[in-house]
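Per-entry structural report
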Amino acid sequence: MRLISVVRGVSLRPRAIIVAALIVISALSVSADPIAIPTPTEQAVQYHNFSNLVWGINQILALLLLPLSMLVLGTRTRIAAKLRSGKYFTFVILAIILFTLNRLVQLPLDRLRTSSLNQIRNEIDLPILQWISSQFMQALPAIVVSVSAALLAYWLINRSPVKWWIWASGVFSGLLLVFLVVEPFTISHKPLGQSPAEVRLSEFAAKIGIPTTAIVSEDCEPFSSCEIAHVSGLGPTRLILLNKGLFDAYPESWARQSFAHESKHYLNDDNLVGWIVLTVISLVFLFLVDRLSRVTIRRFPERLGFTSIAQPAALPLLVLVLNVIYLTALPPINIFRQHVEFAADRHGLELTSQNHVLAEMVSSWTTESKYRVPGPSRFFMIFRSSHPSDAERITYANEFGLKDKKE
Ligand SMILES: [Zn+2]
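First things first, this report covers the structure right here in the doc. (Residues numbered from 1 in each chain as written. Predicted model: local features only at pLDDT ≥ 70, side-chain atom pairs only at ≥ 80, totals over all residues.)

Focus: the overall build of the protein chain
Within the protein chain, the regular secondary structure consists of 17 helices and four strands. When the 407 residues of the protein chain are sorted by exposure, 28% land in the buried category. In the protein chain, the proportion of contacts linking residues at least 24 apart, taken out of those at least 6 apart, comes to 75%. (Helix = DSSP H or I, 4+ residues; strand = E, 2+ residues; numbered from the N terminus. Buried ≥ 20, exposed ≤ 12 C-beta atoms within 10 Å, placed from the backbone. Contact = placed C-beta atoms within 7 Å.)

Considering the pairing of strand E4 (residues 239-243)
Among the five residues of E4, five are classified as buried, and the element is accordingly described as predominantly covered. A two-sided burial pattern is seen for E4, the buried positions comprising Leu-239, Leu-241 and Asn-243 on one face and Ile-240 and Leu-242 on the other. Bridge count for strand E2 (residues 215-218) against E4 is four bridges, and the pairing is parallel. Along E4, the bridge assignment pairs Glu-218 with Asn-243. (Pairing = 2+ DSSP bridges.)

Topic: the packing of helix H14 (residues 315-352) against helix H15 (residues 355-368)
Contact geometry for H14 and H15: axes closest at 9 Å, N-to-C directions at 135 degrees. As the angle between them shows, H14 and H15 are arranged oblique. Here Asp-345, Gly-348, Leu-349 and Thr-352 of H14 lie close against H15, whose contacting residues are Asn-355, Val-357 and Leu-358. For the contact of H14 with H15, a count of residues per class yields three nonpolar, three polar and one charged. (Axes fitted to C-alpha atoms, helices over the stretch in contact; angles between N-to-C directions. Parallel < 35°, antiparallel > 145°, perpendicular 65-115°, else oblique. Nonpolar A, V, L, I, M, F, W, Y, C, P; charged D, E, K, R; others polar.)

Structural notes on the pairing of E2
Bridge analysis of strand E1 (residues 189-191) against E2 gives three bridges, and the strand direction is antiparallel. Following the sheet pairing, Pro-191 is matched in E2 by Val-216.

So, the sheet that holds E2
Taken in spatial order, the four strands of this open sheet run E1-E2-E4-E3, and their pairing is mixed. The open sheet terminates on both sides in strands that have one partner only, identified here as E1 and strand E3 (229-232). Neighbouring strand axes in the sheet, compared pairwise and without regard to direction, differ in orientation by 35 degrees on average. Both E3 and E4 contribute to a ladder of four bridges, which runs antiparallel. Opposite Ser-232, over in E4, you have Leu-239 as the bridge partner.

Next up, the structure:
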């Protein structure tokens, strides 16, 4: 913290002194004691391992139990018989059952995981029925979206059996684009204020070509209800949103470092990049779903009880294939996302040269949390993490200037 006040103190002196001071400070901050990676509590490590286990088992349950049991139990008899009453009606009923069961089958382990989290937080579990109904209400939007998406895909399969996957990924891509462009308008925020810290941040932003109007303060009550900082929107609608409490609860240097990280996402328009990547991914995924499902039906027509993906009974097979592809693709997708986040950290450090600030911030996330683990397991990093681990980010920040000097 002492070094930060030195930076503030010299900010009004002539440029030569500022440059000289910054060089000294930058050297000081590099040689200052590195920030230690905090040690997580035993409870946090136990919870981390347990939540990974729950996640893994729930994926397997959703993957295997559900579609397979539907394939075996449902197709030949009751559902096939109902085909005559209208295939779209049958399809919607089947989709509602499938996506509701998909959530239900994950509830028992999720209950155990929530209980162990509540223990760590010293919070009381909701009564079981109340908890189930709250979980159902939370899952309802996802179920409605899944059923609607499946219905649209099914309609396209029937209208264009050969090219349906191209149309479906086109619709997905279009809807995603609209969502990304419109999202900032759905988040409660206001322009940056006029406090000295906020004015200094605006000036800092102007130097790297980001207009003040693109930086806003997000209404977050309580503080932890939203991210510390993030970029929302795409192209002309993109905004850097800083948590309103960031300026009140933390040193100014933390707001500046958070902004410097987000400025990379803003300048790169990472949401646009994400949209392009997801469009390509959806095209490849749906193509594979089409081909792999057809191959499976050709190989096991008797066992499956249906002969085409245009039949309602094929839905569980399509979901199964899609889930397998999704899980297979998670590791490279997460590695890509972590790479993007590392690039933002590097950009932030290049702008501020305050590597100790980034290391302190990331370190505080673990020390302030009762269940955060700075060095998660490899499984978590590959399947579940969009960001580099806290330990990696602290080490990277500690060594950032040193590496530069060696090169
Ligand atoms: Zn980021």
